[in-house]
Amino acid sequence: MIKYLLQLADNALILGHRLGEWCGHAPEMELDIALTNIALDLTGQARSLYQRVAELEGLGKDEDDYAYLRDAWEFRNALLVEQPNGDFAHTLFRQFVFDAYNYHLHQALTHSKDEWLAGFAAKSLKEITYHLRFSSEWMLRLGDGTELSNAKLKAAIEDLWGYSGELATPNDVEKELAQQGIIPDLNLLKPAIEAKMSEVFVAANVGVAAGMFMHIGGKDGRHSEHLGFILSEMQFLQRAYPGLEW
Amino acid sequence: MTSLNFEAIFQSKIDDEVKIEPKDWMPDAYRKTLIRQISQHAHSEIVGMLPEGNWITRAPSLRRKLILLAKVQDEAGHGLYLYSAAETLGADRDDLVQQLLTGKAKYSSIFNYPTLNWADIGAIGWLVDGAAITNQVMLTRTSYGPYARAMVRICKEESFHQRQGYELMMAMAFGSPEQKSMAQDALNRWWWPALMMFGPHDAESTHSDQALKWKIKRKSNDELRQNFVDVTVPQAEYLGLTVPDPDLCWNEERGRYDFGKINWDEFWNVVKGNGPCNRQRIQARTKAYEDGAWVREAAMAHAEKKEQRRMQPEAASKAA
Ligand SMILES: [Fe+2]
Ligand SMILES: [Fe+2]
Ligand SMILES: [Fe+2]
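Since we're looking at a predicted model, the values are computed, not measured.

Asker: Honestly, the overall build of chain B in this entry has me stumped. Any pointers?
Answerer: Each helix and strand counted, chain B has 14 helices and two strands in total. Within the span of chain B, comprising 320 residues, buried residues form 54% of the whole. Contacts in chain B between residues far apart in sequence, at least 24 positions, make up 77% of those at least 6 positions apart. A total of about 14,800 Å² of accessible surface is found on chain B, and carbon and sulfur atoms cover 54% of it. Computed over 41 positive and 42 negative side-chain charges, the inter-centroid distance for chain B is 6 Å.

Okay, structure coming up:
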């Protein structure tokens, strides 16, 4: 259970961190505000999840110990969320894939046998519903907008598609929790996620090359080279001046 | 009616504290002054996101990260309301942004200083947002309605930022010796630039007299600067930090602090573009603007296509 909560928390933390990199640099002020909003939601969700992990572990750790004092191989986020922002099309497509998965996941988690998790999911679902609406709408704007934006979106899909499968491919942790009725069976969730994605793809006039290779491993701590740099930046103060209150 | 009558009515409204609204007659110079001032303020909010945004990815706790993200987001919101207020005077947001990027329009010089350690985030909230509030509280009563109303909301949020900044300074000043020295270093670097935020001495300020008469501005630069010093020095003392001004002392007679001479050469230098980060700030804004052009164009093209499909459903379905 702890490993799973860390998976959820790390996804939210790392993606929120990436979105925070845009702050002040987005294509327009309205987007600056929207991306920061999502970063705030995700970072807030990560915080609740780490607090819950601390409570379950009972080792006297706090939320920041998990975010700031673990090394890359202890992080359980999917590879997708640590991928660099790239141009706005990359950021947006990364967001859309995550949101489509996250929305259906949290919808199902509201029925979890674990009361805390069900409550957390219900609360987060409101935020995630907005995220999915935002990213779906922007998929349409970019896909349907101009020739250039359509081409850029296609290039982003090409670059990131290989990271889109890991989220809904169950690892051992997820298989076991699914059997216990604590989380949904991801294989059963897949059709709904794929339906949402292809609905938006069609409307956005973009497609995906079938049969592309899918990378996995992030959820079990095997990451891309990017995560180490994210952590070295994020954890700098906590590592340089250990044990202080900030 | 002659324009003299218009002007008399206008000035009497101002004298009677009646707000001027977008559709009311106003002197050209009043309109121009307001557009200049409101857009400069908007630009400052947007450029001001950069020095603080610089630490978002390095915020040392999740709580601090959330506070900082929310703060920088608020500044983007302030920029938006202010550009909208300027648009009620007939300005165009895109033109105004162009003026910023080409260097034709100014923004607050304070944001041309770098953020070098984490305590800078506290110092900016405490001193920069603090000085901004001192300057801006009077603008909630400024004569132009939309500007006054925008400022009510903005000032509320700025004072929240100011308290959060001071709270961060407390954590640092009362923390470890390293943290305390970060706090002192931040105060050393931000103190004088914060005092410069109030602008030149009254005697040298070019726009002040007319702005006071029109009640765009309601207090003089020096008056506001003195208020800020009087409020802020005891706050620094409480933190156990030293204000970097050897001439600073309490003047019993005046019941106010005397303080040292501001380095106006530095001030004018930064205004002219020679601050530590002037070039980088404008480059960052230009890059965001240029890199984002295709995104804005896509959104516009999509909105147009959507509208066309709505107007001619048959044509669209035939084409499909
Ligand atoms: Fe401001
Ligand atoms: Fe502001
Ligand atoms: Fe502020």
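Asker: So what exactly am I meant to see when it comes to helix 6 (residues 119-136) of chain B here?
Answerer: Owing to its 3.6 residues per turn, the α-helix aligns residues three or four sequence positions apart on the same side. Here helix 6 of chain B contains 18 residues, and its C-alpha end-to-end distance of 24 Å stays within 8% of the 26 Å for a straight helix at 1.5 Å per residue. The largest bend in helix 6 of chain B comes to about 25 degrees, at Gly125(B).

Asker: Got a minute to help me understand unusual backbone geometry in this structure?
Answerer: Trans is the prevailing form of peptide bonds, just as negative phi is the prevailing case for residues other than glycine. Look at Asn205(A): it is not a glycine, yet its phi comes out positive at around 60 degrees. Topologically, Asn205(A) is positioned in the loop between helix 9 (186-203) and helix 10 (226-234). The phi torsion at Glu17(B) lies on the positive side, around 65 degrees, for a residue other than glycine. Mapped onto the fold, Glu17(B) is located in the loop between helix 1 (3-15) and helix 2 (28-47). Exposure remark for Glu17(B): the relative accessible area of 40% places this residue in the partly exposed category.

Asker: What exactly am I supposed to notice about the packing of aromatic side chains here?
Answerer: Here a ring pair, both rings aromatic, is described through the centre-centre distance and the interplanar angle of the planes. Residue and element names in this part refer to chain A. Enumeration according to the criterion identifies 23 aromatic pairs over all chains in this entry. A centroid spacing of 5.5 Å and a plane angle of 85 degrees characterise the contact between Phe-88 and Trp-138, whose relative ring orientation is edge-to-face. Separated by 50 residues along the polypeptide, Phe-88 in helix 5 (residues 88-109) and Trp-138 in helix 6 (residues 115-144) bring together distant segments of the chain. Per residue, the accessibility class of Phe-88 equals that of Trp-138, and both read buried. With a centroid separation of 6.2 Å and 65 degrees between ring planes, the pair formed by Tyr-241 and Trp-246 is classed as edge-to-face. The exposure class assigned to Tyr-241 is partly exposed, which follows from its relative accessible area of 24%. Members of the aromatic cluster, each reached through a chain of ring pairs, are Phe-93, Phe-96, Trp-161 and Phe-201.

Asker: When you look at helix 5 of chain A in this model, what are you seeing that I'm missing?
Answerer: All names here are of chain A. Look at helix 5: 30 Å from first C-alpha to last across 22 residues, which is about the 32 Å you get at 1.5 Å a residue. In terms of burial, helix 5 is a largely internal element, 21 of the 22 residues being buried. Where helix 5 starts, the residue carrying a side-chain oxygen 3.1 Å from the main-chain nitrogen of Ala-89 turns out to be Asp-87.

Asker: What am I meant to see in the coordination of the iron ion (ligand 2) here?
Answerer: Each donor-metal-donor angle in an ideal tetrahedron of four donors is 109.5 degrees, and each such angle in an ideal octahedron of six donors is either 90 or 180 degrees. Residue and element names in this part refer to chain B. Taken together, Glu-45 (OE), Glu-75 (OE), His-78 (ND1) and Glu-158 (OE) make up the protein donors of the iron ion (ligand 2), found 1.9 to 2.1 Å from the metal. Because the angles between the four donor atoms bound to the iron ion (ligand 2) fall within 87 to 134 degrees, the donor set is best described as tetrahedral. For the iron ion (ligand 2), all donor residues lie on one chain, and their spacing in sequence is E-x29-E-x2-H-x79-E. A distance of 3.3 Å spans the gap from the iron ion (ligand 2) to the iron ion (ligand 1), which Glu-45 bridges by coordinating each metal. Separated by 113 residues along the polypeptide, Glu-45 in helix 2 and Glu-158 in helix 7 (residues 145-173) bring together distant segments of the chain. The pair Glu-45 / Glu-158 is uniform in exposure class, with both members buried.

Asker: Would you mind showing me how to read the interface of chain B and chain A here?
Answerer: Reports of interface size often rely on the accessible area that becomes lost once the parts have come together. Of the residues lining the interface, 46 residues belong to chain B; the matching set on chain A comes to 49 residues. Carbon and sulfur atoms supply 69% of the area buried between chain B and chain A, which totals about 4,100 Å² over both sides. Of all residues in chain B, Thr57(B), Leu62(B) and Trp294(B) bury the most surface against chain A, accounting for 20% of the area lost on that side. Put simply, chain B and chain A have two salt bridges between them. In this structure, Arg93(B) engages Glu30(A) in a salt bridge whose closest nitrogen and oxygen atoms are separated by 2.9 Å. Counting every contact that joins chain B to chain A gives 17 residue pairs in polar contact (both at pLDDT 80 or more). Listing elements by their share of the side of chain B that touches chain A, those giving two or more residues are helix 3 (49-53), helix 4 (62-87), helix 7, helix 8 (177-196), helix 12 (278-291) and helix 13 (293-311) of chain B.

Rules and cut-offs
- Residues numbered from 1 in each chain as written.
- Chains lettered and ligands numbered in written order.
- Predicted model: local features only at pLDDT ≥ 70, side-chain atom pairs only at ≥ 80, totals over all residues.
- Heavy atoms only, no water.
- Helix = DSSP H or I, 4+ residues; strand = E, 2+ residues; numbered from the N terminus.
- Buried < 20%, exposed > 50% of the residue type's maximum accessible area, 1.4 Å probe, protein only.
- Contact = heavy atoms within 4.5 Å.
- Areas by Shrake-Rupley, 256 points an atom, 1.4 Å probe, with all protein chains shown as cover.
- Lys, Arg positive; Asp, Glu negative; His and termini not counted.
- Charge placed at Lys NZ, Arg CZ, Asp CG, Glu CD.
- Expected span 1.5 Å × (residues − 1).
- Bend = angle between axes of the 7 residues up to and from the residue.
- Phe/Tyr/Trp six-rings, centres within 6.5 Å; stacked < 30°, edge-to-face > 60°.
- Polar contact = N/O pair within 3.5 Å; in protein donor to acceptor, adjacent residues only side chain to side chain.
- Donors = N, O, S within 2.8 Å, 3.2 Å for Na, K, Ca; no water.
- Tetrahedral: all angles 85-135°; square planar, octahedral: opposite > 155°, others 65-115°.
- Buried area = accessible area lost by both parts, 1.4 Å probe.
- Salt bridge = Lys/Arg side-chain N within 4 Å of Asp/Glu carboxyl O.

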